[in-house]
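Spelled out from the first residue to the last, the chains are:
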Amino acid sequence: MAQPEYLRIAADLRRRISSGEWGPGDQIPTLPDLCEHYRVSQTTIRNAIALLRGEGLVESNARAGTRIRPRPPVHRMAADRYRNTGAPHATPFTRDQGIGWSEYRLDKRFERVDASPALAALFECEPGEKLLARHFVFYDNGHPTQMSTSYVRWSDVAGTPVADPINEPWPGGTRGQLASIGIHVTRITESFTAAMPSEVESAVLQIGAGTPVFRYTRRHIADTGRIVEVAHPIVRRGDTTVVDFVIDLDE
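Here we summarise the structure given alongside this text. What you are looking at is a predicted structure, and each value in this text was computed from that prediction instead of being measured.

1. A closer look at helix α7 (residues 173-180)
Given 3.6 residues to a turn, an α-helix orients residues that are three or four positions apart in the same direction.
Alright, step 1. What α7 keeps buried is the set G173, T174, Q177 and L178. Taken around the axis of α7, the buried residues stretch over an arc of 150°, which confines them to a single face.
Alright, step 2. Once α7 finishes, G182 follows within two positions and takes phi at roughly 85°, a positive value.

2. Considering the pairing of strand β2 (residues 65-68)
Alright, step 1. As defined by bridge partners, strand β1 (residues 58-61) adjoins β2 across 4 bridges and the pair is classed as antiparallel. When the bridges of β2 are listed, S60 appears paired with T66.
Alright, step 2. Where β1 folds back onto β2 in an antiparallel hairpin, the turn is made up of 3 residues.

3. Some details on the pattern of salt bridges
Alright, step 1. Following the criterion strictly, the structure yields 17 salt bridges and no others.
Alright, step 2. A salt bridge links R69 to E59, with the shortest nitrogen-to-oxygen separation between them at 3.9 Å. Of this pair, R69 sits in the loop between β2 and β3 (75-77) while E59 sits in strand β1, and the two are 10 residues apart along the sequence.
Alright, step 3. Between R81 and D96 there is a salt bridge, and its shortest N-O distance comes to 3.5 Å. On the criterion of sequence distance, the pair formed by R81 in the loop between β3 and α4 (92-97) and D96 in helix α4 is long-range, its members being 15 residues apart. Exposure class is identical for R81 and D96. Each is buried.

4. Topic: the sheet that holds strand β6 (residues 143-153)
Alright, step 1. Read across the open sheet, the 6 strands follow the order β4-β5-β6-β9-β8-β7; overall the sheet is antiparallel. With partners counted over all chains shown, the strands left at the sheet margins are β4 (104-114) and β7 (185-195), one partner each. Direction aside, neighbouring strands of the sheet carry axes that sit 15° apart on average.
Alright, step 2. In terms of strand pairing, strand β5 (residues 130-140) meets β6 through 10 bridges, oriented antiparallel. Residue pairing in the sheet places L131 in a bridge with R153 of β6.
Alright, step 3. Each of β5, β7, β8 (213-222) and β9 (227-237) is contacted by α7, which is oriented at about 20° to β8, the strand it contacts most.

5. Some words on the packing of aromatic side chains
Alright, step 1. With the rule as written, the count across this model stands at 9 aromatic pairs.
Alright, step 2. Aromatic pair Y104 and F138: ring centres 6.4 Å apart, planes at 5°, arrangement stacked. Placement of the pair is Y104 in strand β4 and F138 in strand β5, with a sequence separation of 34 residues. For the residue pair Y104 and F138, the accessibility class agrees, reading buried in each case.
Alright, step 3. Taken together, the ring pairs in this structure connect F93, W101, Y104, F110, F136 and F138 into an aromatic cluster.

6. Here we look at the nonpolar core
Alright, step 1. Among the nonpolar cores identified, the biggest contains 16 residues, and I9, L13, L34, Y38 and I45 are the most heavily contacted of them.
Alright, step 2. Put simply, the parts of the chain that give this core at least two residues each are α1 (5-18), α2 (31-38) and α3 (42-54).
Alright, step 3. Once you skip the residues sitting within four places of it in the chain, Y38 turns out to touch R8, I9, D12, L13, R16 and I45.

7. Some words on the side chain of R218
Alright, step 1. Among the secondary structure elements, R218 is positioned in strand β8.
Alright, step 2. According to the relative accessible area criterion, R218 is buried, its value standing at 11%.
Alright, step 3. A polar side-chain atom of R218 sits 2.5 Å from a polar atom in the side chain of E229.
Alright, step 4. The residues touching R218, leaving out its near neighbours within four places in the chain, are Y82, S150, T174, I188, T189, E190, E229, V230, A231 and I234.

8. Here's the deal with the environment of P171
Alright, step 1. Looking at where P171 falls in the secondary structure, it is placed in the loop between α6 (154-157) and α7.
Alright, step 2. According to the relative accessible area criterion, P171 is partly exposed, its value standing at 32%.
Alright, step 3. Placed 38 residues apart in sequence, P171 and A209 show a C-alpha to C-alpha distance of 33 Å.
Alright, step 4. Beyond its immediate sequence surroundings of up to four residues, P171 is in contact with P88, H89, A90, W101 and G176.

9. Notes on the packing of α2 against α3
Alright, step 1. Where α2 meets α3, the closest approach of the two axes is 9 Å, and the angle between their N-to-C directions is 105°. The pairing of α2 with α3 is recorded here as roughly perpendicular in orientation. Within the contact between the two elements, α2 uses L31, L34, C35 and Y38 and α3 uses Q42, I45, R46 and I49.
Alright, step 2. Across the contact of α2 with α3, the residue classes tally to 6 nonpolar, 1 polar and 1 charged.

What counts and how
Residues numbered from 1 in each chain as written. Predicted model: local features only at pLDDT ≥ 70, side-chain atom pairs only at ≥ 80, totals over all residues. Heavy atoms only, no water. Buried < 20%, exposed > 50% of the residue type's maximum accessible area, 1.4 Å probe, protein only. Helix = DSSP H or I, 4+ residues; strand = E, 2+ residues; numbered from the N terminus. Arc of directions from axis to C-beta. Pairing = 2+ DSSP bridges. Salt bridge = Lys/Arg side-chain N within 4 Å of Asp/Glu carboxyl O. Axes fitted to C-alpha atoms, helices over the stretch in contact; angles between N-to-C directions. Contact = heavy atoms within 4.5 Å. Phe/Tyr/Trp six-rings, centres within 6.5 Å; stacked < 30°, edge-to-face > 60°. Core = buried A, V, L, I, M, F, W, Y, C linked by side-chain atoms within 4.5 Å. Polar contact = N/O pair within 3.5 Å; in protein donor to acceptor, adjacent residues only side chain to side chain. Parallel < 35°, antiparallel > 145°, perpendicular 65-115°, else oblique. Nonpolar A, V, L, I, M, F, W, Y, C, P; charged D, E, K, R; others polar.

What follows is the structure, encoded as structure tokens:
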């Protein structure tokens, strides 16, 4: 079966972008020019461009036409990013991004919820236990880079500064927060999956529907062995995130 014309044209446009013929911010030829070049209808060109837009390669504006979308820099998530570095204004996110406190912004929304069976399994608690859900969107120089929902036990944080969103962002992140109320975290676990973004994730992170995301679940575990925080999920765009692991082996 012959390949649909819009797929063939999208593949050629994608090749021209990846080869550097058009760079970030460059405007691609107009719709009439592309129709003449490929000898197809405007509908076919629109379908090809829509495919590239869904992949996050281009962005269209009624006045400015279609331009190559700037590609964010690649950020590495280091294995030791949760360690306390002693920096007065830093979090694991700012260390991941390599940014200062003034370049960091956080949208937040807090609510009390009951632990669902899935969350109860992650916390190793009974379903229905009261939790504080903290919904976050993280910004790097104004660009949404990460979103997450972090849960802590209501019995741990009720009446403390940790339960007040006005104190976010908190230097030292979740580990610093918990330390401030006497909870000493000695272990953090993370598990990763990759998938295509949901409509909400695509909209919040401002990525195309064809840009994959990392979703991962994190748990903070206290020195008593009790699970004191679950972030489920943390979501980052997958095309610009590198996760580094260090495994030390005995000789």
